[in-house]
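A look at the structure
Here is how the chains run, residue by residue.
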Amino acid sequence: MLVAVCVCDCVRSSWQTDQAKAAQQQKLAESESAAAAAASSSNNKMSWGTELWDQYDNLSIHTNKGIEVLDKYANFLRDRVAIETEYAGKLRRLVKNYQPKKKEEEDNEFTSRQAFRNLLKEVGDLAGQREVVSETLQTQIIHGVTVLSKTLREDRKKCLTDGTMLQQTLNAQLSALERAKRNYDKAYRDSEKAVENYKKADMDLNLSRAEVERYKNIMTSKIQQSDDAKNEYANQLQKTNNLQQQHYGILLPAVFNRLQELDEKRTRGIREFIIGAADVESSVAPIIARCMEGIVKAGESINEKEDSLKVIERYQSGFTPPTDIPFEDLSKMDPSVAPQSNYSSVPYNHLTIKGGTLTAAKLKKARGGILNSIFGSNKQRQIIEACITMKNSLTADGQKEDFSDLPPNQQRKKLQAKIAELQHKVDQETNTRDGLMKMKIVYEANSSLGNPMTVEGQLNESEHELDKLKMSLKKYQGFLDKANQLQVANNSPQSNRNQLQNGHRTSRHSNGSASADDHHDADDQPDDAGSLSSSSASPESGLGTSHTSLPGSGQGSANENPIGEETSYEAEVEMLQPLGTCRALYPFEATSEGSIPMSEGEELQVIENDQGDGWTRVRRANNTNGWDEGFVPTSYIECTLFA
């Protein structure tokens, strides 16, 4: 009876356990269906978390390879930047090596030389554009790729760390479930063995009641242990299923989705950086095209006929061809008179050799040889040589002061260039003198600005220098007049080439100022130190317009004031005269002090040419304060200078 009761208890307990297990499985099924529904709803947005739930290792490898591709692209850009920088540097070095030397400046008048110089300028601009590409790739693209790669590596490391922790938590729960299952299995076998032993003892009539009771107690204990192990196993199983469902349905997909976002960000970044690098190249393409157009324009500007005429202009001596050699009838000549040769009738200057001149060293050596052959005494030779040197003073390059050792045509060209140079110096010194005079007058009118005696010494020195320059100018004008008179007297075919037109001449080397003939009459006028004449301001003075200046400045007086009369002086700065006009080829934003912005196609006035630093000074009209002046890049404008 006792055995039957125990068996019934065991069956009842087993049935209750089965019922609990069935309820637990039903709950697990419901949670699995809910997780599946949630996964299917999120499947439209992200696919890695559901489709690749078991590919943790492969996703880790794939994302690492993607970042390596990004780093490889960054290295590619660095190598390209190095090539661009090296190419630009070599282009600039090439342009520098082929710049015309100082001794070749006189050949710059030929169109082929001018075209080559313009070609070098355009190649220099090309080098600048390659530098722009290099700098932009370095500061924008490479920097962006580096920052993105660093961010992606940090995010990937964090995602993998979170995934590893989730996997460790799941593995720990699986281990706990395995231990609970082993304990339940052992307890169940022990309970079955205890029930069997109790049945045998209960059937054995030789055993006492106490022994049977002991077997019964053992059976009851083992059955209880089995039930406890079974419940523990069921609890661990439920925990494991819940955790596993949450792990594969929510937690791990979230990590995989973050990895997918990371990889898509990396892919999108590569696309944007490749397009950005192409945009950098495209941004300089118009300027490079302009450089190519400039090179073509330089080539098209070469004119072989014009160069041929310049060769004639440079080397034409101005002499007339030799006349026919007369026939010498020896029968009609006096036998006592030695025959003379007429075969050297061409009037070549004895110092002119193939259009050139003897240098000072060769001339001195030749003169010394002649004197040694005539005079034996060193003292006599020194006296004669000094007289010759005084008579024929030489310039720095070994030529005579009046260039009479050159052919007539070349002599006039040299004299005209010298007169233009002296006239330019006279204009500069006159402006300096006028500026000092204005400063002195301002100091006299307002002693708080300065002592007028401080500029007295500079003013005297400027007057002295101006007198010297005017004397030299007058002297060279006399040389030119003499050369022109000799040319007219010789009736050379070239006599009318450089004659004065309507009594005036304009020199293209005078930078806009009148030539010697225009100021010849003004230089002959006597200076009156006691009078003051009207004068205009100059850019060099720095003080502005004043109504008085020193006499002899070459500018007439339209507003004379007697000495002692109170006069008001206006300090208005005179604007620089424009040298030409220019048109903006590209827009420019002023980012440095002294520069002004401009828009594409804008017309501006050029007031100062490029001095070799790549900047040109320009001016534009302004409705508010009159004018705006500043510097713009020379390569961004197209200049048209006044003749």
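Residues numbered from 1 in each chain as written. Predicted model: local features only at pLDDT ≥ 70, side-chain atom pairs only at ≥ 80, totals over all residues. Heavy atoms only, no water.

**Topic: the overall build of the protein chain**
A tally of helices and strands in the protein chain yields 11 helices and seven strands. Counting every position in the protein chain, which comprises 643 residues, the buried fraction comes to 32%. Long-range contacts, defined here as pairs at least 24 residues apart, represent 69% of the contacts in the protein chain between residues at least 6 apart. Approximately 40700 Å² of the protein chain is accessible, and the part contributed by carbon and sulfur atoms is 53%. (Helix = DSSP H or I, 4+ residues; strand = E, 2+ residues; numbered from the N terminus. Buried < 20%, exposed > 50% of the residue type's maximum accessible area, 1.4 Å probe, protein only. Contact = heavy atoms within 4.5 Å. Areas by Shrake-Rupley, 256 points an atom, 1.4 Å probe, with all protein chains shown as cover.)

**Concerning the packing of helix H6 (residues 304–315) against helix H9 (residues 408–445)**
For any two helices packed against each other, one specifies the inter-axial angle together with the distance between the axes. Packing of H6 against H9 brings their axes to within 7 Å, and their N-to-C directions diverge by 90°. Our classification of the angle between H6 and H9 gives roughly perpendicular. Each of Glu313, Arg314 and Tyr315 in H6 lies in contact with H9, whose residues at this interface are Asn409, Gln410 and Lys413. Taken together, the residues that form the contact of H6 with H9 break down as one nonpolar, two polar and three charged. (Axes fitted to C-alpha atoms, helices over the stretch in contact; angles between N-to-C directions. Parallel < 35°, antiparallel > 145°, perpendicular 65-115°, else oblique. Nonpolar A, V, L, I, M, F, W, Y, C, P; charged D, E, K, R; others polar.)

**Remarks on the nonpolar core**
If you look at the biggest cluster of nonpolar residues, it comprises 22 residues, and the most contacted ones within it are Leu137 and Val145. For this core, the secondary-structure elements that each account for two or more residues are helix H3 (56–97), helix H4 (111–203) and helix H5 (209–300). With near-sequence residues (within four places) excluded, Leu137 lies in contact with Arg80, Val81, Ile142, Ala277 and Val280. (Core = buried A, V, L, I, M, F, W, Y, C linked by side-chain atoms within 4.5 Å.)

**What about the layout of surface pockets?**
Each pocket or cavity is described by its volume, and for the largest pocket that value is around 2000 Å³. Lining the largest pocket are 45 residues, with Asn118, Lys121, Glu122, Asp125 and Thr634 positioned closest to its centre. Tallied by class, the residues present in the lining of the largest pocket amount to 15 nonpolar, 16 polar and 14 charged. (1 Å grid on protein atoms, 1.4 Å probe; cavity = no way out; pocket = protein on both sides within 12 Å on 5 of 7 lines; lining within 4 Å. Points joined across faces, edges and corners; volume = space filled by probe spheres on them.)

**Topic: the environment of Gln423**
By the secondary structure assignment, Gln423 is in helix H9. Distance in space between the C-alpha atoms of Gln423 and Lys474 is 10.0 Å, their sequence separation being 51 residues.

**A look at the pairing of strand E3 (residues 580–584)**
Residues Gly580, Cys582 and Ala584 of E3 are buried on one face, while the alternating residues Thr581 and Arg583, pointing to the opposite face, are not. Sheet analysis places E3 next to strand E7 (residues 637–641), joined by five bridges and oriented antiparallel. Opposite Arg583, over in E7, you have Glu638 as the bridge partner. (Pairing = 2+ DSSP bridges.)

**Points about H6**
Helix length check: H6, at 12 residues, gives a terminal C-alpha distance of 17 Å against a target of 16 Å (1.5 Å per residue), a fit within 8%. Residues of H6 that are buried include every one of Asp307, Lys310 and Arg314, and no others. For H6, the arc enclosing every buried residue in end-on projection is 55°, short of the 170-degree limit, so these residues lie on one face. Set apart from the buried face of H6 by more than 90 degrees, the exposed residues are Lys305 and Leu309. Tucked into the core, H6 has its buried residues touching H4 and H9. If you check the start of H6, you find a side-chain oxygen 3.0 Å away from the backbone N of Lys305, and it comes from Asn303. (Expected span 1.5 Å × (residues − 1). Arc of directions from axis to C-beta. Polar contact = N/O pair within 3.5 Å; in protein donor to acceptor, adjacent residues only side chain to side chain.)

**Some words on the packing of aromatic side chains**
The geometry of an aromatic ring pair is captured by the separation of the ring centres together with the interplanar angle, meaning the angle of the planes. Overall, the coordinates contain nine aromatic pairs when judged by the stated rule. Aromatic pair Trp53 and Tyr248: ring centres 5.2 Å apart, planes at 85°, arrangement edge-to-face. Of this pair, Trp53 sits in the loop between helix H2 (48–51) and H3 while Tyr248 sits in helix H5, and the two are 195 residues apart along the sequence. By relative accessible area, Tyr248 is classed as partly exposed at 29%. Arranged with centres 5.5 Å apart and planes meeting at 85°, the rings of Tyr476 and Phe479 form a pair that is edge-to-face. Of the two residues, Tyr476 and Phe479 are both situated in helix H10 (residues 456–490); the distance of three residues between them amounts to about one turn of the helix. Given a relative accessible area of 6%, Tyr476 falls into the buried group. Here the aromatic cluster, defined as three or more aromatic residues joined through ring pairs, consists of Tyr586, Phe588, Trp615 and Tyr636. (Phe/Tyr/Trp six-rings, centres within 6.5 Å; stacked < 30°, edge-to-face > 60°.)

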